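# Chain and residue survey
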Amino acid sequence: MDQPPLSPWSTVVDASEHNAVNTAITRDPMAGEGTLAATPLHQASFPESGAAVPQQGIMVQPVMVGGGKKSPKLPMIIAAILVVSGLVGFGIGVAVGASIEDSFNRLSTVDYTTAIGESGNLTHDDEDGLGEEGWYLLIPGDPKADENDNNIVDACENVNFSVRDENGNDVSDRTAKISCSLDENASDSNLYEEYFDIKNHVIVARLCSTVTDDVGVSEHDCEEGEVLTVSNDAGINMSVVDLDAMYIESGFVEELLTKGAISVMSFGAGCCSACGGLVALLVGLTRLGGTKPSQQVQFVIQ
């Protein structure tokens, strides 16, 4: 049996409703086969007949598109990686620094100590011009003994030490720091000199320490090749420790330079990583509450 023909507009127009808008479903020839388009219909009322005539029109549909939120996940991950890398760098720097200190504390003076008796000659040798650590001048005794509480080590009581050049001139002031003072506030005290493994001896002087500091100033002024005569007036047998030879021949200087460079680079890398992690963290925090502003998009449906 044949089906009754469909209305061209696929809708029934109610003549009693004036100015109503109905939507027809039609096939869009431009959209391809099987595609339907929604077409709004306007009804015009005619009072004489009371009938409504459908008219084809255009409908504009505004749509609000909300802004998307940027995820803080990636910056947070980067921040965590950089912070961990920074901590590792700091850890390596600290470990290397502790290793250098341990090597310094294990240095031995035994192989670099020479007895010179009541008087002895020392030659200042600085071929590379970079300065010398110099010598310790030692005498037997307890470096902390002070029975009469006068802040002078008992082994040095009533003993005078001198350093003279080849012409017999006293050059103690420019070539040595001679002191047996136990006064912690004394500027010329040898109280804080490193004793390493020295036992039962007192460091009474530091001789020819010519390594310059950051501003190019050295503690003593000893000339290259200068021969110095060290003596005392109490007949005490003395000995000297060649500090420069101990630092170089033991390999400490080489170790210091190598590990020092590693420590500096590790601390530098740690600082850079920590700073980068902080920046990434701030970026991530700003993304926690930030959103793009909503935009209004209009779709035109024919």
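That block above? That's the structure.
Cut-offs used in this document
- Per chain, residues are indexed from 1 in the order of the written sequence.
- Given that the model is predicted, a residue must reach a pLDDT of at least 70 before its local features are reported, and side-chain atom pairs must reach 80 or more before they are shown or counted; all residues, however, enter totals for whole chains, interfaces and linings.
- Side-chain numbers come from the whole structure's heavy atoms, not from hydrogens or water.
- Here the term cavity refers to a set of points on a 1 Å grid, laid over the protein atoms alone, in which a 1.4 Å probe fits but cannot get out; the term pocket refers to an open set having protein on both sides within 12 Å along at least five of seven lines, with lining residues being those that place an atom within 4 Å of a point.
- Grid points are joined across faces, edges and corners, and a volume is the space filled by probe spheres set on the points.
- Secondary structure is summarised from DSSP: a helix means a run of H or I of at least four residues, a strand means a run of E of at least two, and numbering begins at the N terminus for each.
- Residue type decides the class: Asp, Glu, Lys and Arg count as charged, Ala, Val, Leu, Ile, Met, Phe, Trp, Tyr, Cys and Pro as nonpolar, and the leftover types, Gly among them, as polar.
- Aromatic contacts are taken between Phe, Tyr and Trp rings whose centres are within 6.5 Å, Trp giving its six-membered ring; a plane angle under 30 degrees counts as stacked, one over 60 as edge-to-face, and the others as tilted.
- Buried, partly exposed and exposed residues are distinguished by accessible area as a fraction of the type maximum, computed with a 1.4 Å probe on protein chains only: under 20%, between the cut-offs, and over 50%, respectively.
- Working rule for contacts: check all heavy atoms of both residues, and any pair within 4.5 Å makes them a contact.
- For this analysis, a polar contact is any N or O atom pair within 3.5 Å, provided that within protein one partner can donate a hydrogen and the other can accept it, and provided that sequence-adjacent residues contribute only side-chain to side-chain pairs.
- We define the nonpolar core as a collection of buried residues of types Ala, Val, Leu, Ile, Met, Phe, Trp, Tyr and Cys that are connected through side-chain atoms lying within 4.5 Å of one another.
- Paired strands are those between which DSSP finds at least two bridges.
- Interaxial angles span 0 to 180 degrees and are taken between N-to-C directions of axes, which are lines fitted to C-alpha atoms, for helices over the stretch in contact.
- Only residues whose relative accessible area exceeds 30% and that form no salt bridge are eligible for patches; like-charged ones are grouped when within 9 Å, while nonpolar side chains (Val, Leu, Ile, Met, Phe, Trp, Tyr) are grouped when within 5 Å.
- Note that accessible areas follow from Shrake-Rupley with a 1.4 Å probe, and for residues the cover is restricted to the protein chains shown.
- Salt bridges, as used here, are contacts in which a Lys or Arg side-chain nitrogen is within 4 Å of a carboxyl oxygen on Asp or Glu.
- In a helix, the anticipated span is given by 1.5 Å times the number of residues less one.
- We call a pair of cysteine sulfur atoms a disulfide whenever their separation is within 2.5 Å.

Here the largest pocket is characterised by a volume of approximately 370 Å³. Around the largest pocket, the lining comprises 13 residues; the ones closest to its centre are Glu133, Val211, Asp244, Ile248 and Val253. Top contributing element to the lining of the largest pocket by residue count: helix α4 (residues 252-289), with four residues. For the lining of the largest pocket, the residue count by class is eight nonpolar, one polar and four charged. By volume, the second largest pocket amounts to about 180 Å³. What lines the second largest pocket is a set of 14 residues, and nearest its centre among them are Pro143, Leu182, Asn190, Leu191 and Tyr195. Residue composition of the lining of the second largest pocket, by class: eight nonpolar, four polar and two charged.

Another aspect to go through is the packing of aromatic side chains. One pass over the structure, following the stated rule, counts three aromatic pairs. When the ring of Phe104 is compared with that of Tyr247, the centres are 6.5 Å apart and the planes differ by 25 degrees; the resulting orientation is stacked. Taken together, the positions of Phe104 in helix α1 (residues 73-105) and Tyr247 in helix α3 (residues 243-249) put the pair 143 residues apart, joining distant regions of the chain. On the basis of relative accessibility, which here comes to 12%, the residue Tyr247 falls in the buried class. Taken together through their ring pairs, the aromatic side chains of Phe104, Phe196 and Tyr247 make up a single cluster.

Before going further, it helps to examine the environment of Asn148. As for its placement among the helices and strands, Asn148 is situated in the loop between β7 (135-140) and β8 (161-164). Ignoring anything within four residues of it in the chain, the contact list for Asn148 reads Asp154 and Glu157. A distance of 3.2 Å separates polar atoms of two side chains, one belonging to Asn148 and the other to Glu157.

A word on the nonpolar core. In terms of nonpolar packing, the biggest core is built from 25 residues, with Leu137, Ile139, Val204 and Leu207 touching the most fellow members. Sequence-distant contacts of Leu137, defined by excluding residues within four places in its chain, comprise Ile116, Phe161, Val202, Ile203, Val204, Ala205, Leu207, Val230, Met238, Ser239 and Val240. By size, the runner-up hydrophobic cluster in this structure holds 13 residues, among which are Tyr112, Tyr136, Leu138 and Tyr247.

Across the sheet, which stays open at both edges, the five strands sit in the order β5-β12-β7-β10-β9 with antiparallel pairing between neighbours. Looking along the sheet, the strands with just one partner apiece sit at the ends: β5 (113-117) and β9 (176-178). On average, adjacent strands in this sheet sit at an angle of 30 degrees to one another, irrespective of strand direction. Inspection of the sheet shows β9 paired to strand β10 (residues 201-207) by three bridges, in the antiparallel sense. Across the sheet, residue Ile178 finds its bridge partner in β10, namely Ala205.

The next thing to look at is a nonpolar patch on the surface. Together, Val84, Val88, Ile92, Ile262 and Met265 make up an exposed nonpolar region whose accessible area comes to about 440 Å². Elements represented by at least two residues in the nonpolar patch include exactly α1 and α4. With three residues, the top contributor of residues to the nonpolar patch is α1. Within the fold, Val88 resides in helix α1.

All right, on to α1 then. In this model, α1 (33 residues) spans 48 Å end to end at C-alpha, consistent with the 48 Å of a helix rising 1.5 Å per residue. Those residues of α1 that sit buried are Pro75, Ala79, Gly86, Gly89, Gly93, Val96, Ile100 and Ser103.

This part is about the state of the cysteines. A full pass over the atoms with the stated rule returns two disulfides. At a sulfur-sulfur separation of 1.9 Å, the disulfide partner of Cys156 is Cys180. Its torsion about the S-S bond being -65 degrees, the disulfide of Cys156 and Cys180 is classed as left-handed. Of the two residues, Cys156 sits in the loop between β7 and β8 while Cys180 sits in the loop between β9 and β10, which places them 24 residues apart along the sequence. Residue classification places Cys156 among the buried residues on the basis of a relative accessible area of 6%. The partner cysteine of Cys208 in its disulfide is Cys222, sulfur to sulfur 2.1 Å. Negative torsions about the S-S bond denote left-handed disulfides, and the value of about -90 degrees found for Cys208 with Cys222 makes this one left-handed. Here Cys208 is found in the loop between β10 and β11 (227-232), whereas its partner Cys222 is found in the loop between β10 and β11, with 14 residues between them in sequence. Accessibility classification places Cys208 together with Cys222 in one group, the buried group. Unpaired in this structure, Cys272 has its nearest cysteine sulfur neighbour in Cys275, at a distance of 6.7 Å.

Keep in mind these numbers describe shape, not what the thing actually does.
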